[in-house]
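# Coordinate inspection notes
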Amino acid sequence: MKGATLVALAATIGNFLQGWDNATIAGAMVYINKDMNLATSVQGLVVAMSLIGATVITTCSGPISDWLGRRPMLILASVMYFLSGLIMLWSPNVYVLCLARLLDGFGAGLAVTLVPVYISETAPPEIRGQLNTLPQFLGSGGMFLSYCMVFTMSLSDAPSWRAMLGVLSIPSLVYLLFTVFYLPESPRWLVSKGRMDEAKKVLQMLCGREDVTDEMALLVEGLDIGGEKTLEDLLVTLEEHETLETVDGDGQMRLLGTHENQSYIARPVTDQQQSSLGLRSRHGSLANQSGIHKDPIVGLFDSLHEKMPEAGGNTKSGIFPNFGSMFSTNADMPHMKPAHWEKDVESQFNKDHDDYATDDNAPDDDSDNDLRSPLMSRQATSTDKDVIPHPTGGSTLSMRRHSTLNGENSMGIGGGWHMGYRYDNGEYKRYYLKEDGAESRRGSIVSLPGGHDGGSYVHASALVSRSVLGPKSVHGSDVAPPTGPLWSALLEPGVKRALVVGVGIQILQQFSGINGVLYYTPQILERAGVDILLSSFGLSSISASFLISGLTTLLMLPAIVVAMRLMDVSGRRALLLWTIPVLIVSLVALFISELVQISKVVNAALSTVCVVLYICFFVMGYGPIPNILCSEIFPTRVRGLCIAICAMVFWICDIIVTYSLPVLLSSIGLVGVFSIYAAVCVISWVFVYLKVPETKGMPLEVITDYFAFGAQASAPSKDDT
């Protein structure tokens, strides 16, 4: 996973620059006001210009990134940061300063919007949450270093606010070099454009191995949006059985893998088996919510994580002993390059038609630039029971008779999930499989009651839908992935449900007040009387507030490290549910301390502790998780568009909070401001509990499919009520 980690670190420099700028402008505003004697409204405008720029660029960043790619947009972000730093270093008046702040907002908007998307599309499921917490860590690290710089400069006789702001150009130049010379393009974006050769090379670099067949198949399947899906309970074989020589009969079926000669044998769970073995159906997760109006999708996702092995650990599943991470580097697993991804392509992907069209007349060559490159090779066979005939006649698909469970290849797609294909009624169906972790016998081998003596199976849940590649894809015929206007895809039930989650959590996050607190931390702490705490050191109130702000951001870093450790263990939802109450308690204690008459020193100390607790617990949960969730829950083809919608809401709310905070402080004071924030945090907890599912350890394509299935399955019950 080293390749994916280094790529994530390099991409996250953009968030470091945003954190640096947030802290710098908070400190520099004190000296800008002294130098230019700005009105309160103009001060707010100088700060808000970067937010306006971020909002403007966000409205188009998603669709453009879907068109041009993630990497070019990150390069543009680094250029914007660099230019804004140079202009702020020179700015002779407030108008030029506002222009520079606008360019800075362009860079920040691109980075904040696209870095989580980029990391999610390049990271393995097991550590995706951890890597996507890096933007919060580096952003807070940038704030700490910036406050250290501002504090040091504040000790001089004539601090220069231009120098404070202009330093931004130095790290932004480093970011520019990384984006141009090191960062690869997102493999998911490359697959969506049919650039399969490039996608394979990027995956090989990220995975650190040659064989990326499973990953390529998963990324192609991720182009699907909506469609009919079913949830099945299966019993899957763990070993070879002579009794299973006849497949696709008596309820048995063979699930094909992406590698040649790879398959599992499975059978549906009957009512008798479910009762006698104590197995529980996943369908109950949609219907039973214990009288609480929790979104059925939340219950469905929760059921997938019950008593599951840790996604990031080395626990081997009982059903899939070689489950294999999406980016696994297991040295014990040979990586033979499957020939069926290289050749046998009879038509070339047509880039001139549209993103997903095909050219039937393209000549045969050795290129992989075809979404329909066969996942399984064609070979002749002499045993009828070992072949699957193509519905139109012609060549056949050869497979071994027995499951390849403990052998060289696995069907793993990351996080303990597996993907298989079944040929049924003239088309291939896609199966996303996960061993059922809800039972006490998880990982054990159970014998089926009634028949098939010696047959050993393990219970697995399977989400089934039509394969994007289609029934003829194994022969390289002209079958293309689904097409259609991207805007119309927003009306798909699963996408709409995901947008409710993404937009809702972004709105509530901003109105919990964190960005207003961070932008104006020095002023807030100065009004709280922190200068009293440091007066014995001979520091002015301004320098003291900078020092407290720097120490506050320093305390964020270990808190974020804890969040990084828990993000893929406890999960996103759990972190939100136990950190938000701490935010509420901190805010309530803050405004109570302002209402009760206590000594000035005690008031200052208590106010500082409350602010520190609020910020530290915020960065553990509510800080990084909304962006992580938004980068995970949307399908590949509309991810950029949906992220743009969520990010635009984010920045609009950010502008409202930041621009209104000075007015609120002067009108209703800290008590009124933080009481509003506390009320919003209460609403946030309720929203998370009812609407936000757990996504840890799940491949992106599986997440979006479960959203689609949950929305599809829960729709009839709503109509009935």
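The rules behind these values
- Residues numbered from 1 in each chain as written.
- Predicted model: local features only at pLDDT ≥ 70, side-chain atom pairs only at ≥ 80, totals over all residues.
- Heavy atoms only, no water.
- Helix = DSSP H or I, 4+ residues; strand = E, 2+ residues; numbered from the N terminus.
- Contact = heavy atoms within 4.5 Å.
- Areas by Shrake-Rupley, 256 points an atom, 1.4 Å probe, with all protein chains shown as cover.
- pLDDT = per-residue confidence, 0-100.
- Buried < 20%, exposed > 50% of the residue type's maximum accessible area, 1.4 Å probe, protein only.
- Arc of directions from axis to C-beta.
- Phe/Tyr/Trp six-rings, centres within 6.5 Å; stacked < 30°, edge-to-face > 60°.
- Salt bridge = Lys/Arg side-chain N within 4 Å of Asp/Glu carboxyl O.
- Core = buried A, V, L, I, M, F, W, Y, C linked by side-chain atoms within 4.5 Å.
- Disulfide = S-S within 2.5 Å.
- Pairing = 2+ DSSP bridges.

### Quick notes on the overall build of the chain
Within the chain, the secondary structure is distributed over 27 helices and 12 strands. Across the chain, the fraction of contacts at a sequence separation of at least 24, relative to all contacts at a separation of at least 6, is 81%. When the accessible area of the chain is evaluated, it comes to approximately 25,900 Å², of which 60% is carbon and sulfur surface.

### Focus on the confidence of the model for the chain
On average, residues of the chain score 74 in pLDDT, and 70% of them are at 70 or above. Low confidence marks residues 287-291, where pLDDT is under 50. Its contacts with residues over four positions away, or in another chain, come to 4 contacts. Per-residue pLDDT stays below 50 along residues 308-368; that stretch engages in 171 contacts with residues further than four places along the chain or on separate chains.

### Re helix H1 (residues 2-11)
When we look at burial in H1, the residues that qualify are Gly3, Ala4, Val7, Ala8, Ala10 and Ala11. Down the axis of H1, the buried side of the element spans an arc of 165 degrees, and every buried residue falls inside it.

### Focus: the environment of Asp436
Relative to the helices and strands, Asp436 is located in the loop between strand S10 (427-435) and strand S11 (446-447). Distance in space between the C-alpha atoms of Asp436 and Ala460 is 4.9 Å, their sequence separation being 24 residues.

### Brief notes about the packing of aromatic side chains
One pass over the structure, following the stated rule, counts 11 aromatic pairs. For the pair Trp578 and Phe617, a centre-to-centre distance of 6.3 Å together with 85 degrees between the ring planes defines the contact as edge-to-face. Here the residue Trp578 occupies a position in helix H22 (residues 572-595), and Phe617 occupies one in helix H23 (residues 600-620), the gap between them amounting to 39 residues. Residue class for Trp578 comes out partly exposed when judged on its relative accessible area of 37%. Aromatic pair Phe618 and Tyr622: ring centres 5.9 Å apart, planes at 35 degrees, arrangement tilted.

### Some words on the pattern of salt bridges
Applying the stated criterion across every chain yields a total of 20 salt bridges. With its nearest N and O atoms 2.7 Å apart, the salt bridge here joins Glu701 to Arg188. Highlighted residues: Glu701 in helix H27 (residues 700-720) and Arg188 in helix H10 (residues 187-192), separated in sequence by 513 residues. Side by side, Glu701 and Arg188 carry an identical accessibility label, which is buried. Close ionic contact of Asp295 with Lys691 constitutes a salt bridge, the shortest N to O distance being 3.8 Å. Of this pair, Asp295 sits in the loop between helix H14 (283-287) and helix H15 (296-304) while Lys691 sits in helix H26 (residues 669-691), placing them 396 residues apart in sequence. Under the relative-accessibility criterion, Asp295 is labelled buried at 4%. What makes Lys691 partly exposed here is its relative accessible area of 30%.

### Remarks on the nonpolar core
With 155 residues, the main nonpolar core has Ile32, Phe634 and Tyr706 as its most contacted residues. Looking at this core, the element that brings in the most residues is helix H5 (residues 94-122), giving 14 residues. Setting aside residues up to four positions removed in sequence, Phe634 forms contacts with Val495, Ala498, Leu499, Arg639, Cys642, Ile643, Cys646 and Thr704. Membership of the second largest hydrophobic core comes to 11 residues, among which are Met253, Leu255, Ala460 and Val464.

### Description of the state of the cysteines
With the rule as written, the count across this model stands at 0 disulfides. The thiol of Cys630 is not disulfide-bonded; the next cysteine sulfur, from Cys646, is found 3.9 Å away. Looking at Cys630, the relative accessible area reads 2%, which means it is buried.

### Observations concerning the pairing of strand S1 (residues 229-237)
S1 sits mainly inside the fold: 7 of its 9 residues count as buried. Pairing geometry for S1 and strand S3 (residues 263-268), over 3 bridges, is antiparallel. From the neighbouring strand, Leu234 faces S3, where its bridge partner is Pro268.

### Comments concerning the pairing of strand S9 (residues 417-424)
Consecutive side chains of a regular strand alternate in pointing toward one face of the sheet and then the other. Among the 8 residues in S9, 8 count as buried, and that is most of the element. Side chains of S9 alternate between two faces, with Trp417, Met419, Tyr421 and Tyr423 and His418, Gly420, Arg422 and Asp424 buried alike. As paired strands, strand S8 (residues 412-414) and S9 are joined by 2 bridges and run antiparallel to one another. Opposite Gly412, over in S9, you have His418 as the bridge partner.

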